Amino acid sequence: MNKKRKCVVTGIGILSALGRDKKGILKKMKAGETGISSIKSFESQAFISQIGAEVNDESIEHSIKSMKLQSYDRCAQLAIIATDDALVDSGIDFIDRKKKIGVTFGTCNGGINSLEEHGSIEGVQSEKLKQYPFYKQADNLATHFHVTGPVVTINTACAASGNAIGLARDLISEGKADVMIAGGADSMSPTVFAGFNALKALNKQPCSPYNTEYGLSLGEGAAFLILEPLDRAVERGAKIYAEVSGYGLSNDAYHETAPDPDGKGIELAVKAALRDAQVQCNEIEYINTHGTGTKANDSAEINGLVSVFNEHFPLIPFSSSKAYFGHNLGAAAAIEYATTLLALQEDLLPATVNFKEHREGCAKDNLITNQMKQGSPKYFLCNNSAFGGHNASIVSKNGKYVSSESELYVTREKKRVVITGMSMIRGNSVTTGSEEASVSSLKVEDASPFSLKQYNASLFQRRMNRLSQFSIGAADMAINDSKMNRSKIGGDQIGLVYGTSKGTLESAEKYLNSIFKNSIEQASAIYFPDMVLNSTAGKISKKLSLNGFSSSLSTGGNDGLMSLHYGYGSVANGIVPQCLVGAGDEKSDLSNMLDENEGVERSYPSIEGSTFLVLSDFEVAKTQNQPIYAEVIGVGASFSREPLADTESNAVTEALRKANLSLEDIDLILTDWHGRRDKKEHPIEFFRKHVNEERIICLNDLLGYGESISSLNHLYAAAKYLHSGAVPFLQLDEIAATRESNVECENKLALVYSVTPEGNESAAILSKVC
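So, here is what we can say about the structure in this document.

Rules of the game
Residues numbered from 1 in each chain as written. Predicted model: local features only at pLDDT ≥ 70, side-chain atom pairs only at ≥ 80, totals over all residues. Heavy atoms only, no water. Helix = DSSP H or I, 4+ residues; strand = E, 2+ residues; numbered from the N terminus. Rg over C-alpha atoms; globule rule 2.2 N^0.38 Å. Buried < 20%, exposed > 50% of the residue type's maximum accessible area, 1.4 Å probe, protein only. Contact = heavy atoms within 4.5 Å. Expected span 1.5 Å × (residues − 1). Disulfide = S-S within 2.5 Å. Pairing = 2+ DSSP bridges. Phe/Tyr/Trp six-rings, centres within 6.5 Å; stacked < 30°, edge-to-face > 60°. Lys NZ or Arg CZ within 6 Å of the ring centre and 35° of its normal. Axes fitted to C-alpha atoms, helices over the stretch in contact; angles between N-to-C directions. Parallel < 35°, antiparallel > 145°, perpendicular 65-115°, else oblique. Left-handed = near helix turned anticlockwise from the far one by under 90°. Nonpolar A, V, L, I, M, F, W, Y, C, P; charged D, E, K, R; others polar. Core = buried A, V, L, I, M, F, W, Y, C linked by side-chain atoms within 4.5 Å.

With respect to the overall build of the protein chain
Then, in step 1: Within the protein chain, the secondary structure is distributed over 24 helices and 29 strands.
Then, in step 2: In terms of C-alpha radius of gyration, the protein chain reaches 24 Å, essentially the compact-globule figure of 27 Å for 770 residues.
Then, in step 3: Once the C-alpha set of the protein chain is aligned to its principal axes, its extents read approximately 75 × 65 × 55 Å.
Then, in step 4: Going through the 770 residues of the protein chain one by one, you find that 67% of them count as buried.
Then, in step 5: Taking the intrachain contacts of the protein chain between residues at least 6 apart in sequence as the baseline, contacts between residues at least 24 apart amount to 80%.

The structure is reproduced here in structure tokens:
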């Protein structure tokens, strides 16, 4: 059994259309006020609706100047200001560098403002272009606060910040971080507004979910929470808003933008959250729903909740907070969760304001309308859903019921995690773990890329972008390689964690050009759904019928290895018995522009493609006679702006600590390299100080470099070497491997390490399974 720390919320910071001051926000909520009004930041006459929920610029102007945030995208500015407020509220000694402090950041649109301000893709200023990638805002936040723990951007659209709070809970519970900054931010964007306009999802009136007039009102804002272990919060006498008891993730596996009408994905996420929290249905006493106000979403969510709570549901008060704050997309879950905590401080439950009459299919007497209701639930649920089918549900315990005498730990069975399937697509080169091809044969190909239609036409659909084709193909091949018995395993028993730094930029370029080269009212409804980075994970889930634990993330250079990190936890903690972890890269004119702007050197071939692994519970793998390539015995993540040669890698230290090993115990080290010499020295320089150079391998020359996939390609290679027993010996120059010879040896342990140009580090240790 594994002992895990309980995790509590001790600080809150919010920027919203109802203001920044927490007491002021609650006062307006009690008065039934809405923050939705006429849009001021851009001309909106061409759209169906001219209203939204914007943050008052006057409330943040001073902070932007005093905190020197002018060079950041608005999304990052909102996030940093909200985080600063949360840190002050927590009273935590944040300057203590001995603490492992991390960031989980949920966003739907990242730095879209920086790109759209120019009005065309060509000729965007270098500094503006640098702020666009979705991982950039989390890196900005981490750099601003000198964070040294794990830093992850969750990009699951409107469920992102709920997922971010859940992941932060995991990192605290497992001792991988002492403090986590968790939440989300998104800014008002005319191009995003145009996309929802094209989908005809906007409401002309201030939205009121479950009301007869349907449609949503877009908003902007940020909310961040300070999470820490219960024992430390009690020790320092901190105010405890709530305990994050458990959370659940799922995917509808149904449609790119529409929810499953039966709410099956929501049902799975809520049930997973209840299991994780070890809380029964009849113990939930309030539900804050996603409730966007759209016809399809509202009824689907209610159907999902009724399926979970059955006869208990009419007894549970519920409401949606979007009529107060608008739909804040990636920040929605965090803002709604944070303001629920504020209301509970005064024994109040948020209401659905602007409400007039129940809509057909949504007529429930337990909906709280217009006026907040008295209530002090011991346990409550917060629920969010998204484009791409992602769902996130959080079960929390009201801070008023968390005392200094509460149990500080929970115990969970720890599972052994093994790799049972592998696949790699690079250009038109395809290989799987069971094939005999050595890594040396995997030369980079320049021919036309992999075609999903030729591989399996049933998985292909018209206008499918290349990133989705690579990723669906690689995921399917990895499942087949694992010899998983699909007929006996339900889709809810298979998790999926997908990593991508920039998503499908070819689709993003097509969407933005539909506006820039035509007009804003001609925004493409076809390409808009691909603007969210989780669209690829959503397509994988739909095509392969995967609706279990599901997430999509970005780190800006080791996305694949971080997906393994997260997926490893889902299997080790018994959330799912098997989990697909993968990553993908797609080349395009816009991706080339971003690479050139970031100073990426072409010292080795640039590749596009996708790599996937299947992680399995060791006992399940044995029962199903699956191949076992290697066991994952330690993972670690950290963030550092210091050159690696001048410091220790916290990611490597954490992975070694989990595996109970030292670096000298490792037989083989594989590390990729982003090739930006202006940022950091090659990680090989760091490892040379500790181990014999002959044990360090970089495969960039052989495999090429892809921002999201290269770290996972090195892990694929490490697992292959441990499984086959033959380790290629590579003489290294300053950049990458140049020659190879096969040497038989008894390798038992391999470490894979990757660092992004911004300093986001990730490490994993594999062990041979005899």
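Description of unusual backbone geometry
With the exception of glycine, most residues fall at negative phi, and the peptide bonds are largely trans.
Then, in step 1: The backbone of Ser545 shows a phi angle near 55°, a positive value even though the residue is not glycine.
Then, in step 2: The phi dihedral of Asn660 falls on the positive side, at around 60°, and the residue is not glycine.
Then, in step 3: By secondary structure assignment, the location of Asn660 is in the loop between α21 (650-659) and β24 (668-671).
Then, in step 4: Using a relative accessible area of 71% as the deciding quantity, one classes Asn660 as exposed.

Thoughts on helix α10 (residues 264-277)
Then, in step 1: If you check α10, its first and last C-alpha atoms are 20 Å apart, about what 14 residues at 1.5 Å a residue would give, namely 20 Å.
Then, in step 2: Counting buried positions along α10 yields 11 of 14 residues, so the element is predominantly enclosed.
Then, in step 3: Two residues or fewer past α10, Gln278 is found with a positive phi of approximately 55°.

Quick look at the state of the cysteines
Then, in step 1: By the definition in use, this model includes zero disulfides.
Then, in step 2: Not engaged in a disulfide, the cysteine Cys281 finds its nearest cysteine sulfur in Cys382; these two sulfurs lie 16 Å apart.

Let's talk about the environment of Leu699
Then, in step 1: Structurally, Leu699 is set in the loop between β25 (696-697) and α23 (700-703).
Then, in step 2: Sequence separation between Leu699 and Asn370 is 329 residues; the distance between their C-alpha atoms is 61 Å.

Examining the pairing of strand β21 (residues 578-585)
Then, in step 1: By the criterion of burial, β21 is predominantly enclosed, with eight of the eight residues buried.
Then, in step 2: Side-chain alternation along β21 places Gln578, Leu580, Gly582 and Gly584 on one buried face and Cys579, Val581, Ala583 and Asp585 on a second face that is also buried.
Then, in step 3: The sheet contact formed by strand β19 (residues 494-499) and β21 spans six bridges and is parallel. Looking at β21, one finds that Gly495 is bridged to Cys579.
Then, in step 4: Sheet topology note: the β21/strand β22 (residues 609-617) ladder contains eight bridges and is antiparallel. Bridge pairing in β22 links Asp585 to Gly609.

What to know about the packing of aromatic side chains
Then, in step 1: Evaluated as defined, the whole model comprises 17 aromatic pairs.
Then, in step 2: Measuring from ring centre to ring centre gives 6.1 Å for Tyr498 and Phe612, while their planes differ by 20°; the resulting arrangement is stacked. Separated by 114 residues along the polypeptide, Tyr498 in strand β19 and Phe612 in strand β22 bring together distant segments of the chain.
Then, in step 3: For Tyr498, a relative accessible area of 0% gives the class buried.
Then, in step 4: The structure contains a cluster of three or more aromatic residues connected by ring pairs, namely Phe196, Phe387, Tyr511 and Phe528.
Then, in step 5: In this structure, Lys3 is placed above the aromatic ring of Tyr409, and the distance from its NZ or CZ to the ring centre is 4.4 Å.
Then, in step 6: Here the guanidinium or amino end of Lys239 rests over the ring plane of Tyr241, the centre of that ring lying 5.2 Å away.

Describing the environment of Lys378
Then, in step 1: With respect to the secondary-structure elements, Lys378 resides in the loop between β13 (373-374) and β14 (379-385).
Then, in step 2: In this structure Lys378 comes out as partly exposed when scored by relative accessible area, which is 35%.
Then, in step 3: Distance from Lys378 to Ser524, taken between C-alpha atoms, is 46 Å for residues 146 residues apart in sequence.

Looking at the packing of α10 against helix α11 (residues 295-309)
Then, in step 1: Orientation of α10 relative to α11, taken along the N-to-C sense of each, is 45°, at an axis distance of 8 Å. It follows from the interaxial angle that α10 and α11 lie oblique. As for the relative orientation of α10 and α11, their crossing is right-handed in sense. Of the residues in α11, those touching α10 at Ile266, Glu267, Val270, Lys271 and Leu274 are Ala300, Glu301, Gly304, Leu305, Ser307, Val308 and Phe309.
Then, in step 2: Class assignment for the residues of the contact of α10 with α11 results in seven nonpolar, two polar and three charged.

What about the nonpolar core?
Nonpolar side chains tend to gather and get buried jointly when the protein is soluble and globular.
Then, in step 1: In this structure, Phe196, Tyr337, Ile419, Leu564 and Leu715 are the most contacted members of the largest nonpolar core, which totals 133 residues.
Then, in step 2: Beyond its immediate chain neighbours, meaning those up to four positions away, Leu715 contacts Ile419, Leu561, Leu564, Leu613, Val752, Ala764 and Leu766.
Then, in step 3: Formed by 34 residues, the second largest nonpolar core is a distinct cluster that contains Val55, Leu69, Ile81 and Phe105.

A few points about the pairing of strand β29 (residues 760-767)
Then, in step 1: In terms of residue burial, β29 counts as a mostly covered element, since eight of its eight residues are buried.
Then, in step 2: Here strand β23 (residues 630-639) pairs with β29 via eight bridges, running antiparallel. The residue bridging Val635 from the neighbouring strand is Ala764, located in β29.
Then, in step 3: Across seven bridges, the pairing between strand β28 (residues 749-755) and β29 is antiparallel. Paired with Val752 across the strands is Ala764, a residue of β29.
Then, in step 4: Linking β28 back to β29 in an antiparallel pair, the connection comprises four residues, with Gly759 at a positive phi of about 105°.

So, the environment of Ile628
Then, in step 1: Position of Ile628 relative to the elements: it lies in the loop between α20 (618-623) and β23.
Then, in step 2: On the basis of relative accessible area, Ile628 is assigned to the buried category, the value being 19%.
Then, in step 3: Residues Ile628 and Asn251, spaced 377 residues apart in sequence, show a C-alpha to C-alpha distance of 27 Å.

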